[in-house]
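Next come the chains, spelled out residue by residue.
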Amino acid sequence: MLTFANRWKTLSYLWLFLMVFSGCRDSERIYQQKPLSTLYKKAVNELKKEDFKEASLNFDEIERQYPYSSWAPHSQLMSAYCSFKAQEFSKSIATLETFLALHPASPSAKYAHYLRALCYYTDMLSPERDSENALLALQGFQEICQRFPYSDYARDAEVKIDFIQEHLACQEMLIIKDYMKRKEFISAFQRLSFLVGSYPKSALIPEALYRLVECHIVLGFPGLTYKTFTLLKYNFPKDHWASMAKELLASENMVPCCEKLPKK
């Protein structure tokens, strides 16, 4: 005869078994062979209800049950789109890469390339964190402009490329300021040179040139100091960073050389 303690122990094991079994059922969808039209209709209905995660799984089921049908490639793209809408970017990217590996010459390949880049773009990390997704998005949109230059995707990609480059420039400036705060001026100088050379259209260029002037002064490069100040003053004569650079040179007793610089 079971004691109370034994009964409780038995019930505990039973409860644990049921929880594990339930979890397994949730994590693995039961395979049921269904007509293609039924699966597609169900997936579309989930999409209309904006249950994007479930819709993606149903489109996956079409590709799994009918991999050689003409609907399989279309279902792959639809699954990737639904995953994107559900913000499951890793799943969407994996599906798109499979599609491009199987159907590189498909008329829908340009859309697959665009959606993959859009996943990275939408999932870009904040400026305080790693820039991997931003770089992958930039690479993806640049590839679209090169491979499909006359498409609507290319026109949109060009706009997003400008935004990504500004995003990356902001990340660089945050790193540079941290270096300068810690008085690591050689590292700051190297990153500033990279920023100016890589993102010449950035709105941060005037500040970057000013920071370069600061680095040159600290590192004892008067020739580079005047050259960088000339570049800043010539290209951004009315910018407050140019005025600040002139004041900095004055405070370092470099006014005579500064005043001899050509005016725009």
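Computed from a prediction, not measured in an experiment: that's the story for all the values here. (Residues numbered from 1 in each chain as written. Predicted model: local features only at pLDDT ≥ 70, side-chain atom pairs only at ≥ 80, totals over all residues. Heavy atoms only, no water.)

### Things to note about the nonpolar core
Judged by nonpolar contacts, the single largest core of 58 residues is most densely connected at L118, Y121, F141, I144, I164, I176 and L195. With 10 residues, the top contributor of residues to this core is helix α8 (residues 152–181). In this structure I164 touches Y121, M124, A134, A137, L138 and F141, once residues within four positions along its chain are discounted. In terms of nonpolar packing, the next biggest core, distinct from the first, is built from 10 residues, L36, A43, L47 and M78 among them. (Core = buried A, V, L, I, M, F, W, Y, C linked by side-chain atoms within 4.5 Å. Buried < 20%, exposed > 50% of the residue type's maximum accessible area, 1.4 Å probe, protein only. Helix = DSSP H or I, 4+ residues; strand = E, 2+ residues; numbered from the N terminus. Contact = heavy atoms within 4.5 Å.)

### Some thoughts on the pattern of salt bridges
Tallying each qualifying case throughout the model produces 15 salt bridges. When the shortest N-O distance is used, the salt bridge between R155 and D152 registers 2.0 Å. Of this pair, R155 and D152 both sit in helix α8, 3 residues apart, which is roughly one turn of that helix. Among the charged side chains, a salt-bridge network with shared partners connects E97, R116, E143 and R147. (Salt bridge = Lys/Arg side-chain N within 4 Å of Asp/Glu carboxyl O.)

### Here we look at the confidence of the model for the chain
When pLDDT is averaged along the chain, the result is 85; 82% of the residues meet or exceed 70. Confidence drops under a pLDDT of 50 for residues 1–27, and excluding neighbours within four residues, the segment shows 3 contacts in the predicted structure. Below a pLDDT of 50 lies the segment residues 260–264, which in the model reaches 9 contacts outside its immediate sequence neighbourhood of four places, other chains included. (pLDDT = per-residue confidence, 0-100.)

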